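# Topology and contacts: notes
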Amino acid sequence: MAAGVAEVLGATVIVENVGGAAGTIGMMQVARAVPDGYTIGLGHVGTQAVNPHVQKNIPYDPFKAFVPVAQLAEYHSVLLINPNLPYKTLADLLAAAKAKPETITYGSAGLGSTNHLATEQLARAAGVKFVHVPYKGYAPARTDLLAGNIDFMFDVWSSSAADFIKSGTLRALATTAPTPDKSPDNIPLISETFPGFKATGWTGIFAPAGTPPQIVARLSDAIARTLRKPDARSTFESSGYEVAYASGEELAETMRKDDAELGALIRALDVDSN
């Protein structure tokens, strides 16, 4: 995105990776920046709709501290299990969970992470209980899944996930993709078993509150033009993301919906990462 937007704007775009607190520290820096369009942030469903419900004393209000500029992409997840287990379908897994509650383990990227919430949404829909094993990120959870230390996890669809499936190292049972045309490799949709099931993530660009509308509009246009380029689309897709541009106003509405729905789920689960 940086290279494409730089080309469109005729300016230099520098990417500064700021880790910590599931993205909260980086977005905090954006919130505190001068609102002149020169500092923007890459936020996502976690930083804008999940973290405020999970982390105590979060240093920003996602609705007051930022101006949504544009949504970039959406991502779906695939339910992967260790192939040494006997479950061939989602129905098999859920039947086993009903027969022996709280014996099947799943990994996540941490409390309140996208794949933690997706699994709990599935558990609630099916009326079953799994054992949650939180990790510090997707990679260590995936490592333990490959080693057979946990039974399954939701992982973002990517070329690496596809390689694991094709090699038989992991088995895919279902996907959170909303429609068949968006399902990778014809993996069954969870929504086919549980109509209305939704567990989709997104990423977007945010500017500090107070950024002039004309600057926001120029940035949004540059992002839209960049996302229309084939190389940008292929790069996103190889990383497991689907280009899904949306205006700042549309992104704000998505935030409001996810804040309400995921906030209610987090309260019901009594999730607290502190």
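Read on for an overview of the structure.

Scoring rules and cut-offs
Residues numbered from 1 in each chain as written. Predicted model: local features only at pLDDT ≥ 70, side-chain atom pairs only at ≥ 80, totals over all residues. Heavy atoms only, no water. Buried < 20%, exposed > 50% of the residue type's maximum accessible area, 1.4 Å probe, protein only. Helix = DSSP H or I, 4+ residues; strand = E, 2+ residues; numbered from the N terminus. Contact = heavy atoms within 4.5 Å. Phe/Tyr/Trp six-rings, centres within 6.5 Å; stacked < 30°, edge-to-face > 60°. Pairing = 2+ DSSP bridges. Axes fitted to C-alpha atoms, helices over the stretch in contact; angles between N-to-C directions. Parallel < 35°, antiparallel > 145°, perpendicular 65-115°, else oblique. Left-handed = near helix turned anticlockwise from the far one by under 90°. Nonpolar A, V, L, I, M, F, W, Y, C, P; charged D, E, K, R; others polar. Core = buried A, V, L, I, M, F, W, Y, C linked by side-chain atoms within 4.5 Å.

## Description of helix α2 (residues 24-31)
Along α2, the residues classified as buried are Thr 24, Gly 26, Met 27, Met 28 and Val 30. The inward-facing, buried residues of α2 abut β1 (41-44), α3 (45-54), β2 (66-75) and β8 (201-208).

## What about the packing of aromatic side chains?
Counted under the stated rule, the structure contains 8 aromatic pairs. On the numbers, 6.2 Å between centres and 75° between planes, the contact of Tyr 106 with Phe 130 is edge-to-face. Of the two residues, Tyr 106 sits in strand β4 (residues 105-108) while Phe 130 sits in the loop between α5 (114-126) and β5 (131-134), which places them 24 residues apart along the sequence. By relative accessible area, which is 0% here, Tyr 106 ends up buried. Here the aromatic rings of Trp 202 and Phe 206 are separated by 6.5 Å at their centres, their planes lie at 40°, and the arrangement is tilted. The buried category is assigned to Trp 202, whose relative accessible area is 2%.

## Remarks on the sheet that holds strand β6 (residues 152-156)
Pairing within the open sheet is mixed, and its 5 strands lie in the order β5-β4-β6-β3-β7. Every interior strand has two partners, whereas the edge strands, β5 and β7 (171-175), have only one. Strand-to-strand twist of the sheet, defined as the mean angle between neighbouring strand axes without regard to direction, takes the value 30°. Pairing of strand β3 (residues 77-81) with β6 involves 5 bridges; the strand directions are antiparallel. Counted as the bridge partner of Ser 77 is Val 156 from β6. Contacts from helix α4 (residues 90-99) reach β3, β6 and β7, with the element oriented near 90° to β7. The strands touched by helix α6 (residues 138-147) are β3, β4 and β6; relative to β6, the strand with the most contacts, the crossing angle is about 135°.

## A closer look at the packing of helix α1 (residues 2-9) against helix α9 (residues 213-227)
The N-to-C vectors of α1 and α9 enclose an angle of 120°; their axes lie 9 Å apart at closest approach. The angle between α1 and α9 places the two elements in the oblique class. Where α1 crosses over α9, the two elements pack in a sense that is right-handed. For the pair α1 and α9, the contacting residues are Gly 4, Val 5, Val 8 and Leu 9 in the first and Arg 218, Leu 219, Ala 222, Ile 223, Arg 225 and Thr 226 in the second. Taken together, the residues that form the contact of α1 with α9 break down as 6 nonpolar, 2 polar and 2 charged.

## Some words on unusual backbone geometry
If you check the backbone angles, Ala 21 has positive phi at about 55° while not being a glycine. By secondary structure assignment, the location of Ala 21 is in the loop between α1 and α2.

## Quick word on the environment of Ala 123
With respect to the helices and strands, the residue Ala 123 is situated in helix α5. In this structure the C-alpha to C-alpha distance between Ala 123 and Leu 94, which are 29 residues apart in sequence, comes to 8.5 Å.

## Topic: the sheet that holds strand β9 (residues 241-247)
Taken in spatial order, the 4 strands make up an open sheet running β1-β8-β2-β9, and their pairing is antiparallel. Of all the strands in the sheet, the pair left with one neighbour each is β1 and β9. Within this sheet the neighbouring strands show an average axis-to-axis angle of 30°, counted without direction. Sheet analysis places β2 next to β9, joined by 5 bridges and oriented antiparallel. Residue pairing in the sheet places Glu 74 in a bridge with Glu 242 of β9. In this fold helix α10 (residues 230-238) packs onto β2 and β9, with an angle of close to 125° to the strand it touches most, β9. The sheet contacts of helix α11 (residues 248-269) involve β2, β8 and β9, and relative to β2 the element is tilted by about 75°.

## Concerning the pairing of β6
Counting buried residues in β6 gives 5 out of 5 residues, a clear majority hidden from the surface. Of the two faces of β6, the one lined by Phe 152, Phe 154 and Val 156 and the one lined by Met 153 and Asp 155 are each fully buried.

## A short note on the nonpolar core
Residues Leu 79, Leu 94, Ile 104, Leu 122, Phe 130, Phe 152 and Ile 190 are the most contacted members of the largest nonpolar core, which totals 25 residues. Those elements giving two or more residues to this core turn out to be β3, α4, α5, β6 and β7. Ranked by the residues each element gives to this core, the list is headed by α4, at 5 residues. The residues contacting Leu 122, other than those within four sequence positions of it, are Leu 79, Leu 90, Leu 94, Phe 154, Ile 190, Phe 194 and Phe 197. Grouped together as the second largest cluster of nonpolar side chains are 21 residues, Val 45, Ala 49, Leu 251 and Ile 266 included.

## Quick word on α1
For α1, the complete set of buried residues consists of Gly 4, Val 5 and Ala 6. At its buried positions, α1 is contacted by α9. After α1 finishes, the residue Gly 10 shows a positive phi value of roughly 70°.

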